[in-house]
Number of protein chains: 2
Amino acid sequence: MPDDRIAHLVKDVTRALVRALHAGLAEHSVSFGHWTYLRILWERDGLTQRELSDEAGVMEPSTVTAIRSMEQLGYVTRAQLPENRKNIYVHLTAKGRALKAKLVPLAEEVNHIALAGIPVREVNITREVLMAMIENLAGRD
Amino acid sequence: MPDDRIAHLVKDVTRALVRALHAGLAEHSVSFGHWTYLRILWERDGLTQRELSDEAGVMEPSTVTAIRSMEQLGYVTRAQLPENRKNIYVHLTAKGRALKAKLVPLAEEVNHIALAGIPVREVNITREVLMAMIENLAGRD
DNA sequence: CTGATATACTTAGGACCCTAAGTAAATAGG
DNA sequence: CCTATTTACTTAGGGTCCTAAGTATATCAG
């Protein structure tokens, strides 16, 4: 069980991060799934669902469900434009934009806790290794 | 978005690993969830569902669902002992034990691909950082 | 010994993500 | 032009994991 462990470690860290963030987000009626899309939209508003899926790194059906639920919560609107009736453009509402001020500090706190006491140099190496792993796994399709 | 990215990186690596392993496992009628429990039982047979949950790092209801489905596939048996009718002991069948020879090489291949070209030293640092993160996040409950 | 507590499993229901297959609109080729 | 392909979104269904609440058994305390 040498290299094998790293896959399980990665999985366990993901679960730990999700668990840690979940409680705080829930207080603002934001699920972990919504968080991913909010982050993207705060950076760049008015993306299509396809673009959102690409940015989030998930498949389209996952985005459909999430965005629909965010629409019902009043965080985003979905709109078609006359020049292209196929695309659906997702825009933040004022309510959705306002969440940024509350949620970003929360995520920063969790990251701060997660990385406490770990040398920056090692965190950077980890970041590079993780990116290399994604690259390696993406190739084979 | 400095430290913040590491959370998303970890999540993305998990997804990439799951995707990569999924196809191979599916050929042997093993889902990704079953894989976790099989690995544990190959090491130590006859654990209770509670012990399996602890080992796998998941909650009990998740284990109930998975083990029941593995029982139906004929990979494990569930048995009570007269001296304690509360515990349910899970044992591998011959079929479940036989999967090891097919599945382990498959997982090793995925790990090999994922870590290709990454210096062992850096992988080890990553392993340590990930374990430290789990430790950091476990504390706050 | 018997009531309170702890333990092990189960049920119910929800969130997230996936694959496969369907629909509708846009685009490209003959 | 009009058919064929591609693109964007949707629907259907399944797997994994969670929390909360329920049931049955075991254990502990008075």
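A quick note: this is a predicted structure, and the numbers were derived from the prediction, not measured. (Residues numbered from 1 in each chain as written. Chains lettered and ligands numbered in written order. Predicted model: local features only at pLDDT ≥ 70, side-chain atom pairs only at ≥ 80, totals over all residues. Heavy atoms only, no water.)

Draft legend 1. The overall build of chain A, seen in detail. Of the regular secondary structure elements, chain A holds six helices and three strands. Along its sequence from the N terminus, chain A presents helices and strands in the succession α-α-β-α-α-β-β-α-α. Its C-alpha atoms give chain A principal-axis dimensions of roughly 55 × 40 × 25 Å. Here chain A, with 141 residues, has 44% of them falling under the buried criterion. Within chain A, counting contacts between residues at least 6 apart in sequence, those at least 24 apart form 52% of the total. Per element, the accessible surface of chain A, about 7600 Å² overall, is 53% carbon and sulfur. (Helix = DSSP H or I, 4+ residues; strand = E, 2+ residues; numbered from the N terminus. Buried < 20%, exposed > 50% of the residue type's maximum accessible area, 1.4 Å probe, protein only. Contact = heavy atoms within 4.5 Å. Areas by Shrake-Rupley, 256 points an atom, 1.4 Å probe, with all protein chains shown as cover.)

Draft legend 2. Expanded view of the sheet that holds strand β1 (residues 47–48) of chain A. Residues and elements named next belong to chain A. The strand order β1-β3-β2 describes an open sheet built from three strands, whose pairing is antiparallel. Each of the sheet's edge strands pairs with one partner strand only, and the pair in question is β1 and β2 (76–81). Alignment of β1 against strand β3 (residues 84–92), held across two bridges, turns out to be antiparallel. Counterpart to Leu47 in the pairing with β3 is Val90. Each of β2 and β3 touches helix α4 (residues 60–72); the most contacted strand, β2, lies at about 110° to it. (Pairing = 2+ DSSP bridges. Axes fitted to C-alpha atoms, helices over the stretch in contact; angles between N-to-C directions.)

Draft legend 3. Here's a closer look at the packing of aromatic side chains. All names here are of chain B. Within the structure shown, the criterion is met by two aromatic pairs over all chains. Ring plane angle 75° and centroid distance 5.8 Å describe the contact between Trp35 and Trp42, whose orientation is recorded as edge-to-face. Of the residues examined, Trp35 reaches a relative accessible area of 3% and is grouped as buried. (Phe/Tyr/Trp six-rings, centres within 6.5 Å; stacked < 30°, edge-to-face > 60°.)

Draft legend 4. Structural context of the interface of chain B and chain A. Counting residues at the interface gives 52 residues for chain B, matched by 52 residues for chain A. Interface area for chain B against chain A, summed over the two sides, is near 5000 Å², with a carbon-plus-sulfur share of 65%. Summed over the shared surface of chain B and chain A, the result is zero salt bridges. Where chain B meets chain A, there are 17 residue pairs in polar contact (both at pLDDT 80 or more). Going through the elements one at a time, α1 (4–26), α2 (32–43), α5 (94–115) and α6 (120–139) of chain B are the ones with two or more residues in the side of chain B that touches chain A. No other element matches α1 of chain B, which puts 16 residues into the side of chain B that touches chain A. (Buried area = accessible area lost by both parts, 1.4 Å probe. Salt bridge = Lys/Arg side-chain N within 4 Å of Asp/Glu carboxyl O. Polar contact = N/O pair within 3.5 Å; in protein donor to acceptor, adjacent residues only side chain to side chain.)

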